[in-house]
Amino acid sequence: MAENNATVETTESTETTAPAVEEKGYHKTDANGNKHIIVDPITRIEGHLRIEAVIDKDNRIVDAFSSSTMFRGIETIVKNRDPRDVGLMTMRICGVCTGTHYQRSIEAVEDAFNITIPKNARLVRNLIQGALYMHDHLVHFYHLHALDFVDVVAATKADPKATAVEAQKWADMAGHAPAISGVADFKAIQDRIIKFVKEGRLGIFGNGYWGNNAYKLTPEQNLIGVAHYLKALDIQRDLAKMQAIFGGKNPHPQSIVVGGVTCVQDIQNPARIALFKQILKEGTAFIKGAYLPDIYMAGTAYAKEATDGSQAFHATKHKGTLGKEIGGAGGGLLSYMAYGDFRLDDTGFYKAESFFKRGIVLDGDLSKIHEIDESKITEDVTHSWYEGTGAPEHPYDGTTNPKYTGLEKRDDGYAYLKTDEKYSWIKSPLYDGRKVEVGPLARMVVNYVSGDERTKKYVENFLKRSGLPITVLFSTVGRTAGRAIETEMIADAMFDWVDELAKNVASGDLSTWQDFDFDEVSADSKGRGMAEAPRGALGHWMRIKDGKVSNFQAIVPSTWNAGPRGPNGEIGAYEAALIGTKVENPEEPLEIIRTIHSFDPCIACAVHVVDTKGKELAVYKVDPTCAF
Amino acid sequence: MSNNKEESVKKLFTTQSASVNTNRGESYYAELYAKCQKRLDELKQLKPLNNRMDFLESIEEEGLDRRDFLKWASATTAMLMLPASFTPLVAEAAVLMNRVPVIWMELQDCAGNSEALLRSDGPQIDEIILDIISLEFHETLQAASGHQAEKQMEEAIEHFKGKYLLFVEGSVPLGMEGYYGTIGAKAETFVDHLKRVSKDAAAVVAVGSCATYGGIPAAAPNPTDAVGVMDIVKGKPLINIPACPANPSNMVGVILHYVLTGNVPELDSLLRPKFAFGYRIHDNCERRAHFDAGEYVEEWGDEGAKNNFCLYKVGCKGPMTFNNCSIIRYNEGVNWPIGVGRGCIGCSEPDFWDKYAYERPMANANIKAPTGGVEKSVDEFGLGLLTAAGIGIGIHAAASYVAGKKEERGEA
């Protein structure tokens, strides 16, 4: 465990230090002929993200840097407030993974107060969180990610008849009825697209990378993708209603309180339960009849890159890992961490059996699961715009002060990250001195390696039906596939959860809230909420004194994935996933955004808070007994 | 609580609520009708910005017939507080909506309003409206990244100079010379970006609590010195659509109103459209009778909670909050915070994180819950109840329409 993984061999890093010989707009060329390009804004994500990549003469990414360019300061803002109100505020960290920060903060308080919530409350929270996964993953795949695979313009050349046959083929492979199957349906959608393309102004599709060779689908497959993109706009609206049924609204539900939930009327209303199930049923049908078949389709089309070891991070000069050579393009670190999610019984936090397991898998070694030691989580600010000691600190220990050192501005106004210094508002979290990846793929890997039978069944089913090797999962498209497999797994499980809720209510249990003596428990306590967001491991830590929050810290999935280099050059998941990848056309960052999108960035979440007045912040003294 | 806050609360409950005039007399409406008609005729003369598809055709594609569409138009007319005779104009305005280019800008945001836009619930045709306005730039949705994305915005600004609506989501950090937020290859600060892109907009629409009044980043101690758009953009028609997130019906309502009249809708002193923010949550709350009867939820999950009693004592700020949630609800009318027994946190009001968003009643709020009946509260709340009820009935048509459609689909 102590062995260090991904580090830069500094002696070789000439590319970034060589003087630029040509500087033009968003890129510059150095003496080695390497292009250093800026991609800002990265679109189709939550938040403000910049990627800079160094691309060599063979069009291979040899270095990459990830930077967040915005922050707000929510951790400072919740200090000195009533802990019962903090969940609503931290939820506003993100409107996309909406509700998940809410639950983590509420759980941190419940952990501090030693409250075990009633069964109904646990089930309602699981349903709200499950609905979020379904909604979020679907919107991510179709509306934030699909245009990296699907060429909208090429879809105009498809033969609708052949498209229907093609759609049937992939649905058959997935083992489900296709969501859209009629020739006339595909024809109508195509006519719509043709009209749209003909008039020139493409709105949100404008200036896309249409025609780039990195689009590998056939015209018919592209038309399937476009058809599902449009249909998914409808489906997501319905899926969001599942959260609203028990949460009041989406985005930003409101029914969760410290001690339980407030929607006691809704759980006893059979019409509510019925509507929930109806939407769940329709949503699941679309997931099985469109989302999964499209993953089989994309997985097959991109299998070559996904299993091309020469494009893997570990094949590059950024070595030092124990990688088992299972990764391809976009695979990145191959070390995965998950905190676990969805409690399945009422024994309480961190005791209950959970749907997603907790653990770490290192360096692609699928034979061993490591237990998480919470004291080994640290954060470093060597390359982040904060003052620090230079050594990684425990996230709850010490002070955090801003130290914005800006970008290097050129005369023509273009600005580059100072990558040797500080270059992001995101901190650099480490586990035992190493970078790890979090997210749906991490959850699938951790569950799989933990021996979870359900996960094995779903993953093996996918591999068997697609005929793809397991190595395909350790890549850009594999990350995307992991998310889809997880979505199906959750959707199937939610039928049981909603039935369990209905049955429990029918048995006469209407309890939704656990009473507690606020004055007593809030005098001096601390707790943490550690579970998963759709994007990966999410932790909130809170210290409470005299009824007020005296300290609050969050380490979120995109902090783990999008963080800049560590103190010894440890490379984060985004940067590692980009390095080694070949690009078709350095002028068009299609491969870059595809890989970045495969992580589903949520950058507003990832940015740590600073107290801009330079006051002491985040003096969350670590008490080892608190964290375990 | 500071004296200042006490004063503002007292003021709230002693002054008249925003005046919502539902009947301005025949001559007023005749004039407005003629004006709208003229405006629509003008729009029809314009070359379409994007003739992607025929609107009515696309409605049919969605399985809606013309009758359904007119029903929707009628509900929307009521929501906009216009007489029923305006229904054909509203329908026509919807058809013409593709002529309004929209640039959507995200600053210190959480994308919650973008997500809300995706849930747009102009009954059944939300996605069509999305499709049909000319959405020129929207970071969360657009295909292009990097310099291709920047180019897309520059082109739109140039091409639609003086014609585009600029929607802004998120607050504007002014601390540290604006460097708490930058965008683009030139690392332009958010504040400079906003100033530049708003310059050539026809009107600016601030969407959500952050863009309107600073929202969560501006909550005490406001670490980044965040402000709302109205503190930066001057000399432009500006509309605030607050709430966290803003209700997509209100976003669509503003666009429709603009297409219909060429003007921004009538606004209150906080620049909120009166059609949406003209009355309090409390005025049309489904639990209002329990307030009047003195029946309250005393703690979460109690007998009161099981019986849908009033949430005032567990912190509901519906009496202080101007918004139309109690009528149009969220997610196609499926539910709303008071519906799930939580209570309103006042999210459409300035500084609500510091003033309202907690699960206790306001100290010294000076609200005396009437125990003997309804009447007394009317004056006490400075509420034009009859007017509000009238609007309520009209707007309720929209909600019932949604509910009706659901029943037809067997969802209710």
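Residues numbered from 1 in each chain as written. Chains lettered and ligands numbered in written order. Predicted model: local features only at pLDDT ≥ 70, side-chain atom pairs only at ≥ 80, totals over all residues. Heavy atoms only, no water.

A. Region of the structure containing the overall build of chain A. Summing up its helical and strand segments, chain A has 19 helices and 20 strands in all. Burial status across chain A gives 70% buried among its 628 residues. Accessible area of chain A: about 18400 Å², with a carbon and sulfur share of 49%. (Helix = DSSP H or I, 4+ residues; strand = E, 2+ residues; numbered from the N terminus. Buried < 20%, exposed > 50% of the residue type's maximum accessible area, 1.4 Å probe, protein only. Areas by Shrake-Rupley, 256 points an atom, 1.4 Å probe, with all protein chains shown as cover.)

B. Fine view of the packing of aromatic side chains. Residues and elements named next belong to chain A. Summed over all chains, the structure comprises 36 aromatic pairs over all chains. Centre to centre, the rings of Phe113 and Phe518 are 6.0 Å apart; their planes meet at 75 degrees, and the pair counts as edge-to-face. Taken as a pair, Phe113 in helix α3 (residues 100-113) and Phe518 in helix α14 (residues 518-521) lie far apart in primary sequence, 405 residues in all. This pair shows no difference in class: Phe113 is buried, exactly as Phe518 is. Ring centres 5.3 Å apart and planes at 10 degrees place the aromatic pair Tyr404 and Trp425 in the stacked group. On the criterion of sequence distance, the pair formed by Tyr404 in the loop between β14 (401-402) and β15 (408-409) and Trp425 in the loop between β16 (415-416) and β17 (428-431) is long-range, its members being 21 residues apart. (Phe/Tyr/Trp six-rings, centres within 6.5 Å; stacked < 30°, edge-to-face > 60°.)

C. Molecular detail of the nonpolar core. If you look at the biggest cluster of nonpolar residues, it comprises 279 residues, and the most contacted ones within it are Phe246(A), Met494(A), Leu166(B) and Leu194(B). Both domain 1 (21-277) and domain 2 (281-408) of chain B contribute no fewer than three residues apiece to this core. Sequence-distant contacts of Met494(A), that is, excluding residues within four places in its chain, are made with Leu127(A), Gly130(A), Ala131(A), Met134(A), Met242(A), Phe276(A) and Leu280(A). Ranked by size, the runner-up nonpolar core spans 14 residues in total, among them Tyr339(A), Val436(A), Met530(A) and Trp541(A). (Core = buried A, V, L, I, M, F, W, Y, C linked by side-chain atoms within 4.5 Å. Domains from an automatic or database assignment. Contact = heavy atoms within 4.5 Å.)

D. Highlighting the interface of chain A and chain B. Between chain A and chain B, the residue contacts involve 102 residues of the former and 98 residues of the latter. Regarding the contact of chain A and chain B, the summed buried area is about 8600 Å², with carbon and sulfur atoms giving 53% of it. Salt-bridge contacts for Asp85(A) lead to Arg360(B); the nearest nitrogen and oxygen are separated by 2.8 Å. Across the contact surface, chain A and chain B share 47 residue pairs in polar contact (both at pLDDT 80 or more). With 12 residues, helix α7 (residues 219-247) of chain A is the largest single contributor of residues to the side of chain A that touches chain B. A per-class count over the side of chain A that touches chain B returns 50 nonpolar, 26 polar and 26 charged. (Buried area = accessible area lost by both parts, 1.4 Å probe. Salt bridge = Lys/Arg side-chain N within 4 Å of Asp/Glu carboxyl O. Polar contact = N/O pair within 3.5 Å; in protein donor to acceptor, adjacent residues only side chain to side chain. Nonpolar A, V, L, I, M, F, W, Y, C, P; charged D, E, K, R; others polar.)

E. Summary view of the sheet that holds strand β20 (residues 548-555) of chain A. Residue and element names in this part refer to chain A. As summarised here, the arrangement of the 3 strands in space is β18-β19-β20, forming an open sheet in which the pairing is antiparallel. Here the strands that pair on one side only, and so sit at the sheet edges, are β18 (524-533) and β20. On average, each strand axis in the sheet is tilted by 15 degrees relative to the strand beside it, whichever way the strands run. The sheet contact formed by β18 and strand β19 (residues 536-545) spans 10 bridges and is antiparallel. Within the sheet, the bridge partner assigned to Gly529 lies in β19 and is His540. (Pairing = 2+ DSSP bridges. Axes fitted to C-alpha atoms, helices over the stretch in contact; angles between N-to-C directions.)

F. Just helix α9 (residues 270-301) of chain A, in detail. Residue and element names in this part refer to chain A. Across its 32 residues, α9 extends 45 Å between first and last C-alpha, which sits within 8% of the 46 Å expected from 1.5 Å per residue. Its maximal kink placed at Ile287, α9 deviates by approximately 35 degrees. Two to three positions downstream of the cap, the backbone nitrogen of Ala271 sits 2.9 Å from a side-chain oxygen, assigning the N-cap of α9 to Asn269. (Expected span 1.5 Å × (residues − 1). Bend = angle between axes of the 7 residues up to and from the residue.)

G. Examining the pattern of salt bridges more closely. Under the counting rule described, the total for this entry stands at 54 salt bridges over all chains. In this structure, Arg84(A) engages Asp82(A) in a salt bridge whose closest nitrogen and oxygen atoms are separated by 2.8 Å. Here Glu500(A) and Lys119(A) are joined by a salt bridge, their closest N and O atoms 3.7 Å apart. On the criterion of sequence distance, the pair formed by Glu500(A) in helix α13 (residues 476-506) and Lys119(A) in helix α4 (residues 119-145) is long-range, its members being 381 residues apart. Overlapping salt bridges bring together Asp234(A), Arg237(A), Asp238(A), Lys241(A) and Glu332(B) as one network.

H. View of the pairing of strand β12 (residues 377-380) of chain A. All names here are of chain A. Burial along β12 is two-sided: the face carrying Ile377 and Glu379 and the face carrying Thr378 and Asp380 are both buried. Relative to β17, β12 runs antiparallel, the two sharing 4 bridges. Considered in β17, the bridge of Asp380 is made with Ser428.

I. Focus on the confidence of the model for chain B. In the predicted model, chain B carries a mean pLDDT of 78, and the fraction of residues at 70 or more is 73%. Note on residues 369-407 of chain B: pLDDT under 50 across the span, and 68 contacts to partners over four residues away in sequence or across chains. (pLDDT = per-residue confidence, 0-100.)

J. Up close: the state of the cysteines. All names here are of chain B. As enumerated under the stated definition, the model contains 0 disulfides over all chains in all. Cysteine Cys316 remains unbridged, with the sulfur of Cys344 as its closest cysteine sulfur at 5.3 Å. Under the relative-accessibility criterion, Cys344 is labelled buried at 10%. (Disulfide = S-S within 2.5 Å.)

K. Inspection of the side chain of Lys435(A) at higher detail. You can see Lys435(A) is positioned in the loop between β17 and α11 (440-449). Among the polar contacts listed, one links the side chain of Lys435(A) to the side chain of Ser428(A), at a separation of 2.5 Å.

L. Local environment of the sheet that holds strand β2 (residues 134-138) of chain B. Residues and elements named next belong to chain B. As summarised here, the arrangement of the 5 strands in space is β2-β1-β3-β7-β9, forming an open sheet in which the pairing is parallel. Strand pairing shows two members of the sheet lacking a second neighbour, β2 and β9 (238-241), which therefore form its edges. Mean inter-strand twist for the sheet, computed between neighbouring axes without regard to direction, equals 20 degrees. Across 5 bridges, strand β3 (residues 165-169) lies against strand β7 (residues 203-207) in parallel orientation. Note on β7: the bridge partner recorded for Phe167 is Val205.

M. Up close: the side chain of Thr455(A). Residues and elements named next belong to chain A. Relative to the helices and strands, Thr455 resides in helix α12 (residues 453-466). Since its relative accessible area comes to 0%, Thr455 is described here as buried. Within the structure, Thr455 has its side chain in polar contact with the side chain of Asp452 (distance 2.5 Å). Apart from the residues lying within four places of it in its own chain, the contact partners of Thr455 are Met444, Asn447, Tyr448 and Met489.

N. Broad picture of the environment of Ala232(A). When you line up the elements, Ala232(A) lands in helix α7. The exposure class assigned to Ala232(A) is buried, which follows from its relative accessible area of 0%.

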